[in-house]
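One-letter residues, chain by chain:
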Amino acid sequence: MAEEPLIRWDWIGRNADRIGGLLVDNVVMGLAPVAIGLVVALPVGLACARWRRLYQPTVGIINVIYSLPSLAVFVLLLNVFILATMPIVVVPLTFYALAVLIPAVVDGLGSVPDPVRQAATAMGFRPLRRLIQVELPIAVPVVIAGLRVATVSSISLVSVGALVGKGGLGHLFIDGWQRQFPTPIIVGIVLIVALAVLADGVLILAQRLLTPWARARRTA
Amino acid sequence: MNFLLDFLANPENWSGPYGIPQRVLEHLEFSGLALLLAALIALPVGMLVGYTGRGAVIAVVSANAARALPTLGLVVLVVLLFGVGTTAPVLIPLVALAVPPILVNTYEGVRGADADLQDAAVGMGMTGPQVLFRVCVPVAMPLILLGMRTAAVQVVATATVAAFVGLGGLGRFIIDGLQTRDFSSTVGGAVLVAVLALAVQGAFVAAQRLLVSPGVRGQVG
């Protein structure tokens, strides 16, 4: 290993096409679960916030799912789907995203101060309009905090799927290990962290755009 | 289901250095060690940052960035660079995995301790450290334990990937099964890890009953 450099830059150039393909796979398999998760978590979270009795059992079930190891679930699904396709990775990661997003939606709605809700009602807002125009915007910071955790872990967890044959940039780790060659591993780690940081930045930006009043208050 | 029964009914899987009890012990050994190391780093830093408010942005941002580190990649890289032989290399990625939830929750818990409570404690003559350890930390205990629980479950679940680079633990059944197309071993290993993770989760829920003061418990619910 002594005569071998830590990174062989020419390897990156020669394999740019393959790396690009794996990168796209990783983005799709990392973001799809968060998007599906958000679409499911909003109604479920709303229901839990409306009927508090639903919340404890829902969180209980989700905590159990969350503690199932990703590799274990990938393997079990591999038996169901036979072939290593994207659902093997996307389905379990969707459940992990839900485990973070449902509590985030419930807590976000819980963060709406009662006087605000009462004021909206007094101004003649019907429940649905009050939800969309008053409560959800106020819940945005808490929901986005959940989205950030879910997105970052999802992008990084995709790589474990490489062990069952579908893992985006994770395939570079297997490559590097099998050939005892650190370059692909380092490239994989750097790209995954860069992707996660980029996605995190986009979400921070989205939060700033969606909550203009927070900035107004800070400058005032 | 048949795969699982085949696996569990096979007496070879129940004894010797490659048996289930031994693999569970190995798994718990490096998971526990990683969690301990992570707690030794994250608890003091989280308490200090939460109590003083200094360095909060850096601590939270770096904790979030650490979540992005792919454990499989780190395990493979660390073992490739430093060699196998001991469990030490695999501890680095697992510690990196466990630090963020513990640190962020400890920080949030201590920071969120009611200001009136702290004022009352100072008024009663408590010094800074006394306020931190006898007021803020007990009040933050539910959140701190939640962070430890999240970390523990993630470490136990992720420690399976250590088997890919030749280390022991329950991941061996999964990885070996995948490589030899022995699905009963793979499925059996997967189920065992899931059960172990659930058991760890249960142990932390029980610990919460013991460690959280009754007064705080009534408040938090």
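*Asks:* Account for the overall build of chain B, naming residues and giving values.
*Replies:* Along chain B, the regular secondary structure elements total 10 helices and zero strands. From first element to last, N terminus to C terminus, chain B shows the α and β order α-α-α-α-α-α-α-α-α-α. Summarising its shape, the C-alpha atoms of chain B cover approximately 65 × 40 × 25 Å along the three principal directions. Here chain B holds 221 residues, and 51% of them are scored as buried.

*Asks:* Report on empty space enclosed by the protein, specifying residues and quantitative values.
*Replies:* All names here are of chain B. Going through the model one piece at a time under the given rule, you end up with two cavities of 30 Å³ or more. Considering only enclosed or pocket space, the largest cavity measures out at about 40 Å³ in volume. Around the largest cavity, the lining residues are Ala66, Arg67, Leu69, Thr71, Leu74, Pro93, Ala96, Leu97 and Pro100. Breaking the lining of the largest cavity down by element, the ones donating at least two residues are helix H3 (56-67), helix H4 (71-82) and helix H5 (88-111).

*Asks:* Can you break down the interface of chain B and chain A residue by residue, with the values?
*Replies:* How big an interface is tends to be stated in terms of the accessible area lost upon association of its parts. At the interface, 35 residues of chain B touch 35 residues of chain A. For the pair chain B and chain A, the summed buried area comes to about 3000 Å², and 81% of that belongs to carbon and sulfur atoms. The tally of links between chain B and chain A comes to zero salt bridges. Counting across the interface, chain B meets chain A through one residue pair in polar contact (both at pLDDT 80 or more).

*Asks:* Go over the packing of helix H5 (residues 86-110) of chain A against helix H7 (residues 127-157) of chain A with me, naming the residues and quoting the values.
*Replies:* Each packed pair of helices is defined by two parameters, the angle between the axes and the distance between the axes. All names here are of chain A. Packing of H5 against H7 leaves a shortest axis separation of 8 Å and a crossing angle of 150°. On the basis of the axis angle, H5 is roughly antiparallel to H7. Of the two elements, H5 crosses H7, and the hand of that crossing is right-handed. Contact residues: Leu93, Tyr96, Ala97, Val100, Leu101, Ala104, Val105, Asp107, Gly108 and Leu109 in H5; Leu131, Glu135, Leu136, Ala139, Val142, Val143, Gly146, Leu147, Val149, Ala150, Ser154 and Leu157 in H7. For the contact of H5 with H7, a count of residues per class yields 17 nonpolar, three polar and two charged.

*Asks:* Which residues make up the layout of surface pockets, and what are the values?
*Replies:* All names here are of chain A. What the second largest pocket holds in volume is close to 290 Å³. Forming the boundary of the second largest pocket are Leu46, Ala49, Arg50, Arg52, Val106, Leu109, Gly110, Arg117, Pro127, Arg130, Leu131 and Glu135. Looking at the lining of the second largest pocket, the element that brings in the most residues is H7, giving four residues. By residue class, the composition of the lining of the second largest pocket is six nonpolar, one polar and five charged.

*Asks:* If you had to explain the pattern of salt bridges to someone new, which residues and values would you point to?
*Replies:* Residue and element names in this part refer to chain A. If you walk through the whole model with that rule in mind, you get 11 salt bridges over all chains. Among the salt bridges present, the one from Glu135 reaches Arg117, with a minimum N-O distance of 3.4 Å. Placement of Glu135 in helix H7 and of Arg117 in helix H6 (residues 114-122) is noted, with a sequence separation of 18 residues between them. Linking Arg130 and Glu135 is a salt bridge whose minimum nitrogen-to-oxygen distance equals 2.7 Å. Across the pair, exposure class does not vary: Arg130 and Glu135 are buried alike.

*Asks:* Explain unusual backbone geometry to me, using residue names and the numbers behind them.
*Replies:* Residues and elements named next belong to chain A. Backbone geometry places Gln180, a non-glycine residue, at a positive phi of 50°. If you trace the backbone, Gln180 turns up in the loop between helix H8 (170-178) and helix H9 (182-210). Classification of Gln180 by relative accessible area gives partly exposed; the value is 42%.

*Asks:* Before we move on, could you go through helix H8 (residues 171-180) of chain B and cite the residues and values that matter?
*Replies:* In terms of burial, H8 of chain B is a largely internal element, seven of the 10 residues being buried. Buried within H8 of chain B are the following residues: Gly171, Arg172, Phe173, Ile174, Ile175, Gly177 and Leu178 of chain B. Looking at the packing, one finds that the buried side of H8 of chain B touches helix H4 (70-81) of chain A together with helix H1 (2-9), helix H2 (20-52) and helix H9 (183-211) of chain B.

*Asks:* I'd like to hear about a nonpolar patch on the surface, residue by residue, with values.
*Replies:* All names here are of chain A. On the surface, a nonpolar cluster with roughly 340 Å² of combined accessible area is contributed by Val80, Phe81, Val91 and Phe95. Broken down by secondary-structure element, the contributors of at least two residues to the nonpolar patch are H4 and H5. Inspection of the secondary structure puts Val80 in helix H4. The exposure class of Val80 is exposed, given its relative accessible area of 61%.

*Asks:* Let's hear about the side chain of Arg23 of chain B: which residues, and what values?
*Replies:* With respect to the helices and strands, the residue Arg23 of chain B is situated in helix H2. With near-sequence residues (within four places) excluded, Arg23 of chain B lies in contact with Pro17, Tyr18, Gly168, Gly169, Leu170, Arg172 and Phe173 of chain B.

*Asks:* Which residues make up the environment of Val193 of chain A, and what are the values?
*Replies:* By the element assignment, Val193 of chain A lies in helix H9. In the structure, Val193 of chain A is positioned 163 residues away from Gly30 of chain A in sequence and 12 Å away in space, judged by C-alpha atoms. Once you skip the residues sitting within four places of it in the chain, Val193 of chain A turns out to touch Ala68, Leu69 and Pro70 of chain B.

What counts and what doesn't
- Residues numbered from 1 in each chain as written.
- Chains lettered and ligands numbered in written order.
- Predicted model: local features only at pLDDT ≥ 70, side-chain atom pairs only at ≥ 80, totals over all residues.
- Heavy atoms only, no water.
- Helix = DSSP H or I, 4+ residues; strand = E, 2+ residues; numbered from the N terminus.
- Buried < 20%, exposed > 50% of the residue type's maximum accessible area, 1.4 Å probe, protein only.
- 1 Å grid on protein atoms, 1.4 Å probe; cavity = no way out; pocket = protein on both sides within 12 Å on 5 of 7 lines; lining within 4 Å.
- Points joined across faces, edges and corners; volume = space filled by probe spheres on them.
- Contact = heavy atoms within 4.5 Å.
- Buried area = accessible area lost by both parts, 1.4 Å probe.
- Salt bridge = Lys/Arg side-chain N within 4 Å of Asp/Glu carboxyl O.
- Polar contact = N/O pair within 3.5 Å; in protein donor to acceptor, adjacent residues only side chain to side chain.
- Axes fitted to C-alpha atoms, helices over the stretch in contact; angles between N-to-C directions.
- Parallel < 35°, antiparallel > 145°, perpendicular 65-115°, else oblique.
- Left-handed = near helix turned anticlockwise from the far one by under 90°.
- Nonpolar A, V, L, I, M, F, W, Y, C, P; charged D, E, K, R; others polar.
- Patch = residues over 30% accessible without salt bridge, like charges linked within 9 Å, V, L, I, M, F, W, Y side chains within 5 Å.
- Areas by Shrake-Rupley, 256 points an atom, 1.4 Å probe, with all protein chains shown as cover.

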